[in-house]
Every structure is written in C-alpha cells, then in structure tokens.
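What the coordinates show
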Amino acid sequence: MRNINGSDKASGLVQGTLDMLILKTLALEPMHGYGIGVRLDQISKGVFQVNAGSLFPAFRRLERDGLIKAEWRATENNRRAKYYALTPQGRARLARAAKDWETQTAAISRIMRASLGEI
Amino acid sequence: MRRLLAGLRALVGRRELDRDLDDELRGYLDSLIEQHLREGMPPEDAVKAARSTIGSLEAIKDAVRDVGWESRLESIWQDVRHAVRGLRRAPGFAAVAVLTLALGIGVNTALFSVVNGLLLRALPVRAPQQLVMLSTRHSIDEGYPAGWNYAIWDQIRHREDNFDGAVAWTVFTQRLDLAQGGERQPADGLFVSSNFFSELGIPLLTGRGFTAAEDALGSADSRVAVLSYGFWQRHFGGTADVVGKALSVNRTPVTIIGVAPPGFLGPEVGRSFDVAIPIGAAPLVLNEPGWGGPAGRSYLAVMLRLRADQSMESASTMLRGTQRQIIEAAMPPNETWGEVQDQMLKDPFSLTPASAGTSELRRQYSRSLVTVLLIAALVLLIACANVANLMLARSTAARHELSVRLALGAPRRRLVQQLLIESLVLSGLGAIAGLLFAGWASGVLVGQFSTWFNRVALDVSVDWRVLAFTAAVSVATALLFGTMPAIRASRTAPGNALKDFMSDLRSHGRVLHLKGGLVAAQVGLSIVLLVAAGLFIRSFDRLASVPLGFESERVLVVDIDTSRAGVNAQNRAAFFESLASAVRAIPGVTNAAVSLNTPVNRGVIAVSNFRVPGGPELPPAERRAIVNLVTPGWFETYGIVVRSGRVIETRDSAGAQAVVVANEAFVRKFLPDREAVGAVVVNEMPGPGQRSSSLTIVGVVGNAVEQSLRDDAVPTLYQPLSQFVVPVPIVDFGLSVQAELGSPALLARNIASALTSFDRNLAFSLHPLADQVSAARQQERLVAWLSGFFGVLALLLAGLGLHGVTSYTVERQRIEIGIRMALGAQRHDVVALAVRQTIMMTMCGVAAGLVAAAVLTRYLQALLFGITPLDPATFIAAPALLIAVALLACYLPARRATSLDPMIALRCE
C-alpha cells in the first residue's frame, strides 16, 4: 500500500525509526537513494520494504537537519545519481539514537518476558 | 536556524531544487527498471512494474516539498491568489463586503488616531520618559494644572542640579496681539524658559534658541522670539530670511531669532503656539509690572527632567524636603512667614509623569472620546456580522465546489486555511480603504474640537501605533467573520455535491439558524447603539434648550484690552461710558454697555463671599457669589428680565450710595423669605481701597447663564462699574453691543472703526455672542453628532442584514412557497411565512439589546445632561425605529416571494 505520509503501512515504521535506519545504512558507506532502499531490504531480510514515498521526504528532512549531506556523482553504471553521506552531526545523532533504541528495546523485552510473579 | 536558511534558499532557488529532485527520482526509477531487467522481465513489463511500484512521481515530489516550512508559505500565497481571483469573479459581493469593512475599520482607526494623538503619543522631545510635571497634591486631586509664580520657578531653577534639568512655560496660552493698534491680530503666545528648546532636545529649523541672558526678567535683551513652523509658513510665507526680522507683539517690538521644526506643536497636547518668547520678556509684553515679582500671578508650568537613576518618588521626597526653603526664598522681601505660606506648605510638592505632555484638552475630552471609540467598536462588530452573513451565503453557494474538492482528497485543514485567507484578504482590503478614509476623517474630527477662541491642533498622523491598531483590528475582524463560515464549509460532507436539492434542504435549516443568530446579534448591538445615540442626542437637545436668561442672537461681544489706553481705576468708568455712547450712536445699534465678564466667556470671573445681616446663617462654602461689574444699559443690551426694583443706571455714580443688583438665585439663597429690594448685603472679602463693603440691593433680575450651561444658576451680584474703584490692574473688559435686527456681525466693521477712532490705543476683537454660546455646547454637540452618525450606520447595516436573511429564506423556501401557492394559498399567507422567521429573530435581538442597553447606559451617566440613563422616550423610540426598518427590509423580498410563478418554483434548480 502506498501511503505518502510519514508512516509506511507495509512495514509499520514510524518516521523517527526510519531516519535512524537510514543514518545507520549511510554509516557503512555513502549511497544513493535507490541503493539505500535496496540495502534496507537486504539487511532486514525483506521485513522492511521502504517505498520511495517515505524515503525521499526522509532524505530531505535529514538533509535539512544537517545530519547527511548530498553530492551528485557517477554510479557504477556511469549514470548520474545523488549520493548521501553522513556528517559528523549525523554520526553523533546515530550514536545517540542507537543507545536510546537499546534502552527502549531492553525495557520492552523485559516487560514482554515478565511472568506473573515479577510484575 | 539551519532550517530557516534552507527554507529561504528553497524559496529563491525553487526551480533548480525541483529539477534536482526530478533528476533524482528519475534516477531512482531507472535503477528500479534496470533491476527488473536484470531479473529477466521483458522491457515493457519492467517499466510498468517499476512505475506501479513507485506510484505517482508528483505525489512523491509533493511529499518532499512539504518537509520544509516554506511549503506552508507557498500554499498561503497560492490561497491569496485564489482568493483574489475569486473576489474578481464576484465583484458585487467583494464591493459590498469591502465597503462595509472599510467603513467599520475606518471609523475605528479615525477615532483611534485621535485618541492616539491626544492620550498616547509621546512628546516629540528627547527622552520623554524622564519628564515629570511639578504639581501639588491638591491640584492633582482636583484635576487641574498647577501653576507657579516666577519667584518659585526661580528657586527651582537654582536647584536645577538636583535633577537633569528644569524648564518652564506659561500654562495658559497667551493671546498676543500682532497689530500696531486697533483690531487685534491674534496669535498664540508661549513664554518659555531660556533652556526650553535645548533641554527638551528640539532641533530648531533655522536660527537658535534662547540664551540665559535673554531670560533675565524685564531686560531689553529678552525681546526675542522663536516662531512655530506653522506660523512661519502662514505669516511669513516660509521665507528663508525670517531670522532677524522684527515682529510687533502687544505693541512691543521683538526680534525673530529662530524657527521651530514642523513636528513640534508645543509642550501641551491639543494646544499649539505661534510665537515663543522668553519668560523674561513677559513683564514687557504683557504690560504687567508686577509680573515677575513674588506677588505675581501663578501661571508657569514647571517640568523637570529626572536623572537616569532618579525615580519619581525620590525626586518628590527631595523636593518636599526643600519645600520650606523654597517658599521662604520666594517670599516678597519685606514679608514674614504668615498664613499664606503655611497654606502653601500644607500642600506638598508632587510630581506626575509627563512623557505624553500635559493637556487641558485631554482632561476635558478623554472620557467622551473613549466612549465614542467603544461605540465605533460596536459598529465594527455589526459590520462583521453583516460580512459573516455574506460569507455564509457565499460558501453555501459554493458548497458543490467544496464537496468536489474534499472528495478529491483535499485535507479539511487546507480548506479552512483557504477560506480564512479569503477573509483576511477581504479584511486587508477593507483596512487599506479604511486607513485612507481615516486619514481624512480624523482631520475633520479634530477640526470639530476647535471653537472660535480655542484653536485645537493635534498630531493625528499615522504612526506605528495606528498601523498596529489597524492591523490588529483587521485580523480580529477577519477571524470574527471568517471563522464560522470556514468551519461550516469544512464540515461539508464530500458526497453532498452529488445529492440532489431536496436532501440538501436539511443543512439549509442549520445555515438559516446561524444566519438568524447573526442577525439577532446585529439587531441587539444596533439597539444598544441606537439607545446610546438617542441619549446623547436628547442630552444635547436639553442642553441647547437650557434657558439662557438673555437674548443671544442680536448681541455682538467685543473683548477690549485697555492696557495701553491710559485707563486707570479712577477714569475707567467715565471712559467706558463715553465709549458706550459712541457705539450707541452707530446706526443699527440699539444698545451698548461694558462689563467685566460676558456670559459663557470662559474668562476669569470675580467671586467673593457675602453675608446678609439678618438672613440665614450659611456655611462659608455656600457664601460665594459671582460679581460682575456693569455700566448702565447692560441689562437692556442682553434683554435680561427685571423681576423687581430697578437696574443699574447713570445715577449710580462713584459718589452715590453703594448699590448692587442681585439675580434670582442669589435672592433664593441669601434672602429666601424677605423682600430683596432694599436689603443690605455685606461683602466679606472687599478688595483694597474698596469704599464700602455694605451694598444695598436695588433690583432683582432673572437668572442669566454666567459660566457653564450645565450648572444650575449661580448666585450673582451686579455692581456698577463706576462704584468699583479698586486699583486692581484689570485691563480686559467686554463691550456688548445689541444690534437692531439681523445678524450683529454686519455691524462689526462700523463698531471696529468707531472704537479705533475713539482711542487708537485700544486693542480689541469682535465676535457674535452666539459663537460663545455654541462653543459652550461644543463637546455635547460633537458626541451627539458622532453617535447619531453611528446609530444611522448601525441601522443601515442591520437593515441590510435583515434584507439578506429574508432573501435567503425566500430563496430556500421557494419550492415550499410554490407548492402552497399552487394549492391556493393567499398572497399574505405566503408573505407571512417568509417574513415570520425574520421578525422572530428581530424581536429576539431587540429584547436582548434592550436588556444590554439598560445595563450599559449606566456608565454614560457623566456625559448626559437633563435625562436619566434609562430615559423612557429613548428606550421606546429606538426599538420602534429599528422594527420599522426591519419591516421595510423584510417587505421587499417578501413581495418578491408572492410574485413567484408556482410552476417555475417547482422546477428543480
């Protein structure tokens, strides 16, 4: 289902989480838009299929906030594409977001695994 | 911050960014196609699959654009253009709405400009917030300006180091005479301390200000003057070489040394000056030798500039600490500390903030101005209701378009934004038109404040406050009349466009209720306005019909200044009596006489305390009576009725028995149960050299208005001028001339030449008594006129609103009316049906309005005269008038209803 606003119904991703995933993807190496979409699909083993309608607004957002920067370059097929790369602020934000995510997930896991006696 | 810059860059480089995005998306699409090709799909399938995965490229572009704040701005700009287009397509609606708003916003802005100029605007001087006026506690409590004599000002000036500076000027505008004799050429004079222009930081246009040497009392150097900009333009035509020229002021030559800048009208708001002269020159120009002395008159206003770190409290404490020394130092050289000084010490020095200057006009008018401003706000509310109704009708007509747009996926928020922007555009246009109207109207309004003797000058130009007010009012107006129709429109169900007319009917009932509510509110507000207008108009009418006690139509008043005519206390009476005879000889004059005061003159009057031996014992406060000095023929000139006894005649000369004529009010208070004629009255405060303080009453006359039209008759005694030989230097007298018929102004030329040939050194000015009388009613007339104007406006708007609602009702009920007529209903039944709802709304509004009016008019008490705030006649006439207008407004559309052809009506729209 193609939804043009912030949340991608197919994968249930919320705006902030998508931003974090894009940052992580770019931490590995600079990439163009299509590549990022493909990489997210690959690494998540098909769980997250992010469509263009969510990706491109996210790119614009991250660029506006100074977390990534863009550059037109030639692709491996000698075509022109816009490559995104992390900025130092982007790296710092990613580190913070990763830490927050760890804390949140651990807490949720604890709650989900708790048996009657512990609550 | 980064977002701000990025947004600005996006606004500017829009095209380039769009192209960039387009390229990027196409790249994405191409990559996807390649992927499919690699997986082995045939080319056309690959393209189709890729396109269907991505979806609409335009939709993605929109989503990307929405990320930045500038897209909001762009959508607003789009809506503005859309609104303007829409208004161009409906010029009738646009014209009516803009005109209504322009009128409502315009009158509010005009009134606010005046309020701004009078109450709010700071003086165009350096650091006005540091300025304070020196006053006494008693003056502040009583609400009148404190005046100081020169001796006290001198003491303050010597202590100037305690503050950042001190300036002084004369409290009352001095009417100066520029002529060399004969009929006066009046100019408004202001006597100022030497540091006036420099301390206040007023940059002179040409020339210079005064020096300390020029402020020495009575010195020849002090005969210099600074002109105001307006006077320089009017009198000298703005010639560049005016510095150094001579000017004759009260027959004293002064040299012009400078011209003030255009924005400076004087230290008092509402008053302007023509010529500024150092205080030191006052004894020369005013010809009062005792002017600067310790016993001199107290009419200097003193303004202090506080130091930056000084508070008003600390300054006034410091002043009070030195009050005793100041009073002592200001005493006449041979006098010792006495009761007068004790009295002065008991009234402590006090300071009041003066950043907006001081103003007599403000004191007089501020209450009525604010009231009229509130009334104007009511008118604006009514205008808003009208425009809201118009917008409701418009959005109802456009509901199909709105439904279609909603069905196509437009967010409701965007629809509301668009309708609100349309309201803002309308109200913005109205505000611009209103500002232009206000620019003209405020000038006219200020002109209304001026009377024959009091030229009012107010700076009502548009400054930031006025602009902010207009902007705020127009935004508030837009929100008021636009919010409801916008919200209503956004609630349109998307499928409504597809439904047919009949099922739409239910929603029209709701619209009708809304419109009806609006109209009822309008009617209610109009009632309040009409009641207020009625009260003010009746007040003015009552004031205008106050019996004056004299005939004002045929009398011409000549204010005479005898200062240079060699008249003293001894020869005064003879001088005036031969003057009066000379004037009586002019053809067309039936009577002439001289007196100290003329009625309603606003000049200084003489009062004294009196006691009647054997009469009722009155407390000291109640023993006051006005004393007027008259020559024979005075009562006849004014046509004052004689109740008993006789009036002042030529036999009442200096050596004869000391007599006096009393008015009815005096008799009623001092001799209630005795025969007045022949009774003796004792003056408890005779002036020095007054021959006898025992006066015999020889006649009683009817009450004649002396000072204010609003007050009850004041006890007054008339003494013969010849018997008043007190050597008090009074120089101003009034010659009253009664004309035979027609307008007394026609005789002005002849009287002027007769006076000049009688004595060249007399200075005088003439005006009909009627002018003096109407000046006394000026404020009430202004308020009555303004509120009447607003009342008519409100009536008009309410009528338009009612007409609109009835038309709407008739239009919507067309089918029902058609059916009824086809079934044989009579005309008047149909009319009644159409009109019934409107009349019900009107009656609701009238009831609510009357209740509100009854509660609110109580606050107008102070401005009314002769009627109560719940005056029955007004409370009956106002609703009657409105109901009449309502009936008329309903009648026309109702008539249209009856002329409907049932067959046409029954067809679907």
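Residues numbered from 1 in each chain as written. Chains lettered and ligands numbered in written order. Predicted model: local features only at pLDDT ≥ 70, side-chain atom pairs only at ≥ 80, totals over all residues. Heavy atoms only, no water.

1. Points about the pairing of strand β13 (residues 555–561) of chain B
Side-chain positions along a regular strand alternate between the two faces of the sheet. Residue and element names in this part refer to chain B. Within β13, seven of the seven residues are buried, which leaves the element mostly enclosed by the surrounding structure. Of the two faces of β13, the one holding V555, V557, D559 and D561 and the one holding L556, V558 and I560 are both buried throughout. Here β13 runs beside strand β22 (residues 732–739); their pairing, made up of seven bridges, is antiparallel. What sits directly across from V557, in β22, is S736. (Buried < 20%, exposed > 50% of the residue type's maximum accessible area, 1.4 Å probe, protein only. Helix = DSSP H or I, 4+ residues; strand = E, 2+ residues; numbered from the N terminus. Pairing = 2+ DSSP bridges.)

2. Points about the packing of helix α3 (residues 52–64) of chain A against helix α4 (residues 57–66) of chain B
Where α3(A) contacts α4(B), the axes come no closer than 8 Å and their chain directions differ by 30°. The angle between α3(A) and α4(B) falls in the class roughly parallel. Along this stretch, α3(A) crosses α4(B), giving a crossing that reads as right-handed. Here A:A52, A:G53, A:F56, A:P57 and A:R60 of α3(A) come into contact with α4(B), specifically with B:I60, B:A63 and B:V64. (Axes fitted to C-alpha atoms, helices over the stretch in contact; angles between N-to-C directions. Parallel < 35°, antiparallel > 145°, perpendicular 65-115°, else oblique. Left-handed = near helix turned anticlockwise from the far one by under 90°. Contact = heavy atoms within 4.5 Å.)

3. Notes on the nonpolar core
If you look at soluble globular proteins, the nonpolar side chains tend to sit buried side by side. All names here are of chain B. Judged by nonpolar contacts, the single largest core of 55 residues is most densely connected at L111, V114, L458, L529 and F790. For this core, the elements supplying multiple residues, two or more each, are α6 (91–120), α15 (360–397), α17 (412–449), α19 (501–544), α25 (778–812), α27 (827–856) and α28 (872–898). For this core, the element with the highest residue contribution is α15, accounting for 11 residues. Those residues in contact with L529 that sit more than four places away from it in its chain are I375, L378, V379, I382, F790 and A794. (Core = buried A, V, L, I, M, F, W, Y, C linked by side-chain atoms within 4.5 Å.)

4. Details of the interface of chain A and chain B
Facing the 23 residues of chain A at the interface are 29 residues of chain B. Together, the buried faces of chain A and chain B total about 2300 Å²; carbon and sulfur atoms form 57% of this surface. For the pair chain A and chain B, the number of links is four salt bridges. Between A:K82 and B:E24 there is a salt bridge, and its shortest N-O distance comes to 3.8 Å. One can count five residue pairs in polar contact (both at pLDDT 80 or more) joining chain A with chain B. (Buried area = accessible area lost by both parts, 1.4 Å probe. Salt bridge = Lys/Arg side-chain N within 4 Å of Asp/Glu carboxyl O. Polar contact = N/O pair within 3.5 Å; in protein donor to acceptor, adjacent residues only side chain to side chain.)

5. Quick word on unusual backbone geometry
Residue and element names in this part refer to chain B. Although it is not a glycine, A127 adopts a positive phi angle of roughly 45°. Along the chain, A127 falls in the loop between α6 and β1 (131–136). For A127, a relative accessible area of 23% translates into the label partly exposed. Here the phi dihedral of R251 falls at roughly 65°; this positive angle occurs in a residue that is not glycine. Assessed through its relative accessible area of 18%, R251 is described here as buried.

6. Brief notes about the packing of aromatic side chains
All names here are of chain B. Taken as a whole and judged by the stated rule, the model has 27 aromatic pairs over all chains. A centroid spacing of 5.3 Å and a plane angle of 90° characterise the contact between F196 and F197, whose relative ring orientation is edge-to-face. Taking 6.0 Å as the distance between ring centres and 65° as the angle between the ring planes, the aromatic pair formed by F264 and F273 counts as edge-to-face. For F264, a relative accessible area of 4% corresponds to the buried category. We classify F273 as buried; its relative accessible area is 4%. Taken together, the ring pairs connect W169, F196, F197, F210, F264 and F273 into an aromatic cluster. (Phe/Tyr/Trp six-rings, centres within 6.5 Å; stacked < 30°, edge-to-face > 60°.)

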